[in-house]
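Residue strings, one per chain:
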2 protein chains.
Amino acid sequence: MADGRGASSQTGENLLFLTDEQLRQGIEAMFFAYRGFTADPDKILVDMAYGRAHHRAIHFINRAPGTTVNNLLGILGVTKQSLNRVLRTLIADGLVKSHVGKSDKRERHLYLTDAGRALEQTLSDAQRMRMRSAFRDAGPEAVAGFRTVLEAMMDPEMHHSYTRLKESST
Amino acid sequence: MADGRGASSQTGENLLFLTDEQLRQGIEAMFFAYRGFTADPDKILVDMAYGRAHHRAIHFINRAPGTTVNNLLGILGVTKQSLNRVLRTLIADGLVKSHVGKSDKRERHLYLTDAGRALEQTLSDAQRMRMRSAFRDAGPEAVAGFRTVLEAMMDPEMHHSYTRLKESST
DNA sequence: TAGTTTACGTCAGCGTTATTGACTTTCCAA
DNA sequence: TTGGAAAGTCAATAACGCTGACGTAAACTA
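This text gives an overview of the structure that appears in the document. Everything numeric in this text was worked out from a predicted model, so none of it was measured.

## A word on the sheet that holds strand β2 (residues 96-100) of chain A
Strand-to-strand pairing in sheets goes through backbone hydrogen bonds, with the strands running parallel or antiparallel.
All names here are of chain A.
Then, number 1: On the basis of which strands lie adjacent, the open sheet formed by three strands has the order β1-β3-β2 and antiparallel pairing. The open sheet is flanked by β1 (67-68) and β2, the only strands paired with a single partner.
Then, number 2: Pairing of β2 with strand β3 (residues 108-112) involves five bridges; the strand directions are antiparallel. Note that in β3 the partner of Lys 97 across the bridge is Tyr 111.

This is the structure:
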């Protein structure tokens, strides 16, 4: 497998771009770009004793208000203990509210407070600004390709969460 | 700015795809895809008491043999203290060798040992497999767009490291 | 050439984040 | 109604990042 040559080039055009070198460039592009992707919100979060985990929780609670802890767990892909610590501080600081479920009292439904929404706006504005600039520089076709590859790279479960969120916002 | 409507659509075709909703989908795609991107090597690393930081170090030492600690610092974007802990274990375990510089004895030049190269192969094979499959599913044009957007998303310094590595391998 | 400054790498200590394990409450089904 | 399963919480441990302080080597300067 690791013959340093990548896929055979028998079919020419179709597989030429799948050399190990090209793949490695894709890997490194992912690495460097993700750093840029998180840099702006991270800078903001440092000043308020929060971390990336808080950002993620706030993002998805805003995206799916009323979601349960268990649901959020599946989306974030962390253990509930990790999430719990984050949620506890967010609730203590008045950014998130937790309501006991009506039909199932074991569940907690999560919502952002006004303060939580404000922080969410600040954070995603910073992140969107970079994304908007990158999208504009790259052009519509590149953006389409970008998303196609990203979707193909997800684990099936993640892809499912992704599409479900996407559809819920139409 | 955050009017929930994104860029104006006066120019039609050109800016239509830059709504906040589209940007948010891009953000979420990045999040879910990056998880997939790191999932396979992570699984391997868990079994040997290593983490993602070790993988990154091994990757770039393999990519640029003889690189100095300081050079690696710039690429990885961490403090030298963080890197040092990782390097210490890798050297102790015989995966990396460190040679004192000839012209400048303050420098340490880093190389993978045979064992280090073997681990690097194992890890990047896993990562490349997913990348290859995603690239193949998405097609050459999508891949080109993928990289264009990613490059536009990097910080200028990161973009510089990225191109320098890319060019060094021709 | 001697003394100061700068650069490279290393060691120690701290805070945050994620994980595994054990526990309480609630729901559901035998 | 009792046993098991699920949702959420609490406690303790390991991994990774950071700031601060240090020793050594090179470079600058007087």
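Structure shown, so let's carry the discussion forward.
## Some points on the relation of the copies chain B and chain A
Then, number 1: When chain B is fitted to chain A, the best match, at an RMSD of 0.1 Å, comes from turning it 180° and sliding it 0.0 Å along the axis. What we have between these two chains is a two-fold relation. It is B:Phe146 whose C-alpha, among those of chain B, lies nearest the rotation axis, at 1.8 Å.
Then, number 2: Interface overlap between copies: 100% of the residues of chain B at the interface are likewise at the interface in chain A, consistent with a symmetric, same-surface contact.

## As for the environment of B:His109
All names here are of chain B.
Then, number 1: Relative to the helices and strands, His 109 resides in strand β3 (residues 108-112).
Then, number 2: Separated by 11 residues in sequence, His 109 and Ser 98 have C-alpha atoms that sit 5.5 Å apart.
Then, number 3: In this structure, His 109 is in contact with Gly 66, Thr 67, Thr 68, Lys 97, Ser 98, His 99, Val 100 and Gly 101, ignoring residues within four places of it in sequence.
Then, number 4: A polar contact of 2.8 Å, which involves the side chain of His 109, links it to the backbone oxygen of Gly 66.

## A short note on the pattern of salt bridges
Then, number 1: By the definition in use, this model includes 26 salt bridges over all chains.
Then, number 2: Measuring nitrogen to oxygen at the nearest pair gives 2.9 Å for the salt bridge that ties B:Arg63 to A:Glu28. In this pair, B:Arg63 sits in helix α2 (residues 52-63) while A:Glu28 sits in helix α1 (residues 20-46), so the two residues belong to two different chains.
Then, number 3: Judged by its relative accessible area of 8%, B:Arg63 falls in the buried class.
Then, number 4: Residues participating in the shared-partner salt-bridge network are A:Asp20, B:Asp125, B:Arg128 and B:Arg132.

Reading the values: rules and limits
Residues numbered from 1 in each chain as written. Chains lettered and ligands numbered in written order. Predicted model: local features only at pLDDT ≥ 70, side-chain atom pairs only at ≥ 80, totals over all residues. Heavy atoms only, no water. Pairing = 2+ DSSP bridges. Helix = DSSP H or I, 4+ residues; strand = E, 2+ residues; numbered from the N terminus. Least-squares fit on C-alpha atoms with pLDDT ≥ 70 in both. Contact = heavy atoms within 4.5 Å. Polar contact = N/O pair within 3.5 Å; in protein donor to acceptor, adjacent residues only side chain to side chain. Salt bridge = Lys/Arg side-chain N within 4 Å of Asp/Glu carboxyl O. Buried < 20%, exposed > 50% of the residue type's maximum accessible area, 1.4 Å probe, protein only.

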